[in-house]
Amino acid sequence: MKVVGALVWLLLPLTARCVEPISMTVGAIVTGVITYYGVHWYSPDQCQLGGNINVTALQVDFEENIFGQHLAKRVILKAVPGFLENRNPKKPLALSFHGWTGTGKNYVSQILARHVYPEGLKSKHVHQFVATLHFPHADLIDVYKDQLQLWIRGNVSACERSIFIFDEVDKMQRGLIDAIKPFLDYYEHIGGVSYRRAIFIFLSNAGGEYISELALHFWKTGREREDIKLSDVEHHLALYAFNSNDGGLWHSSLIAKNLIDFFVPFLPMEFEHVKMCVRAEVRQRGFLEDEDLISTVAKEMTYYPKEEKIYSVKGCKTVSAKLQYHL
Ligand SMILES: *[C@@H]1O[C@H](CO)[C@@H](O)[C@H](O)[C@H]1NC(C)=O
Ligand SMILES: *[C@@H]1O[C@H](CO)[C@@H](O)[C@H](O)[C@H]1NC(C)=O
């Protein structure tokens with residue numbers, strides 16, 4: 001766009017000079033300047049939007065779409081708006097989401113991205129890396145490391161408020177994630193680029209078993225799962241991720257150097273939560289909220305442990321397909 005503006009600015013006066021020197025030149029210059037700035041006024045860079053977030057709207061979105069995750073909601077509603085409003089953060093925000101499949105890790109990161117950039121995952125400032133898709137080959141780890149660094153540098157140079165989501169971190173090759181360690185650290189800038197306004201989100205199953213057992217323990221001792229506090233869990237999650245044999249965070253310097261700001265647990269989904277997922281899906285598709293249908297779909301999920309059958313094995317993951325079958 002800048003190029004177009006500059007061309008108009010340069011070329012019009014040339015042709016204009018042949019016709020009527022002074023007034024045409026002035027006219028052309030004015031046209032050029034208006035074109036140049038007009039283009040910029042009408043296509044503001046979305047990157048600048050990335051500082052605003054409507055906390056109420058985010059909260060409403062969470063209430064309507066995320067179920068059984070009091071800790072995740074609380075941590076994110078506290079950490080993210082505060083970080084976005086801080087004009088001078090000391091390091092980028094790094095969140096590590098932990099929990100079994102179907103508990104909402106992906107969904108929460110999508111919602112979050114959408115509230116920072118309306119286009120969400122489609123925004124050019126939101127980048128998602130899926131371990132098995134982007135980094136599948138063990139022997140290419142060095143290539144991936146270089147690539148990852150180049151991508152992050154390139155994208156943050158273009159927009160400081162970039163969001164990077166790493167999915168399936170537990171399936172990432174050991175050591176790969178450490179390639180981004182310098183970007184997460186407390187440096188003012190690296191090679192002239194500041195990474196301090198970026199957001200990094202890591203999603204993994206590591207620690208899922210521990211979270212599950214903790215929730216079960218609360219259930220068995222008659223306590224509400226909402227009474228589980230972040231301080232009960234965070235330290236354990238960091239340890240599990242650090243020591244988990246099959247995990248991209250295994251002995252990772254991100255953890256060793258305390259560069260992850262929050263370890264966020266996603267609790268296993270109970271029957272009631274699965275019903276909420278079904279209900280939300282029914283509503284979204286514009287059907288009547290038929291309680292029989294909702295229960296039927298929720299009952300079709302498999303629940304564990306074998307005896308008590310409290311938590312859905314796949315969380316809410318296959319709800320959509322199961323509902324489709326009944327409609
Ligand atoms: C924030 O979101 C709420 C709920 O969607 C809405 O009512 C309110 O007008 C929004 N505020 C701004 C400043 O956009
Ligand atoms: C930004 O990241 C994407 C991957 O999400 C990559 O394809 C692209 O080349 C990067 N852009 C720059 C300017 O490095």
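Rules and cut-offs
Residues numbered from 1 in each chain as written. Chains lettered and ligands numbered in written order. Predicted model: local features only at pLDDT ≥ 70, side-chain atom pairs only at ≥ 80, totals over all residues. Heavy atoms only, no water. Near = heavy atom within 4 Å. Polar contact = N/O pair within 3.5 Å; in protein donor to acceptor, adjacent residues only side chain to side chain. Helix = DSSP H or I, 4+ residues; strand = E, 2+ residues; numbered from the N terminus. Nonpolar A, V, L, I, M, F, W, Y, C, P; charged D, E, K, R; others polar. Buried < 20%, exposed > 50% of the residue type's maximum accessible area, 1.4 Å probe, protein only. Contact = heavy atoms within 4.5 Å. Disulfide = S-S within 2.5 Å.

Chemist: Report on the site of ligand 2, specifying residues and quantitative values.
Modeler: Taken together, the neighbourhood of ligand 2 is formed by His127, Phe129, Leu150, Trp151, Gly154 and Asn155. Note that an oxygen atom of ligand 2 is positioned 3.2 Å from one of the side-chain N or O atoms of His127. Looking at the shell around ligand 2, the elements with two or more residues in it are strand S2 (126-130) and helix H7 (141-158). Element by element, the count of residues in the shell around ligand 2 is highest for H7, at 4 residues. Across the shell around ligand 2, the residue classes break down as 3 nonpolar, 3 polar and no charged.

Chemist: Help me get a handle on helix H13 (residues 291-299), residues and values and all.
Modeler: Of the positions making up H13, those classed as buried are Leu293, Ile294, Ser295, Val297 and Ala298. Where H13 is buried, its residues contact helix H12 (271-284), strand S6 (303-304) and helix H14 (319-326). With a side-chain oxygen positioned 2.9 Å from the backbone nitrogen of Asp292, the residue opening H13 is Asp290.

Chemist: Break down the state of the cysteines for me, citing the residues and quoting the values.
Modeler: Per the stated rule, a full pass over the model turns up 2 disulfides. Two residues share a disulfide in this structure: Cys47 and Cys159, whose sulfurs sit 2.1 Å from each other. Since a negative S-S torsion denotes a left-handed disulfide, the Cys47-Cys159 link at about 90 degrees is right-handed. Of this pair, Cys47 sits in the loop between helix H2 (21-42) and helix H3 (55-65) while Cys159 sits in the loop between H7 and strand S3 (163-167), and the two are 112 residues apart along the sequence. Each member of the pair, Cys47 as well as Cys159, carries the same accessibility label: buried. With its sulfur 2.0 Å from that of its partner, Cys277 forms a disulfide with Cys316. Taking the torsion about the S-S bond as the criterion, the Cys277 to Cys316 disulfide, at about 85 degrees, is right-handed. Of this pair, Cys277 sits in helix H12 while Cys316 sits in the loop between strand S7 (311-312) and H14, placing them 39 residues apart in sequence. Just as Cys277 is buried, Cys316 falls in that class too.

Chemist: Break down the environment of Tyr195 for me, with residues and values.
Modeler: For Tyr195, the position within the fold is in the loop between helix H8 (181-184) and strand S4 (199-204). For the pair Tyr195 and Glu160, spaced 35 residues apart in the sequence, the C-alpha separation amounts to 6.4 Å. If sequence neighbours within four positions are ignored, Tyr195 has contacts with Pro92, Ile152, Arg153, Val156, Phe183 and Ile190.

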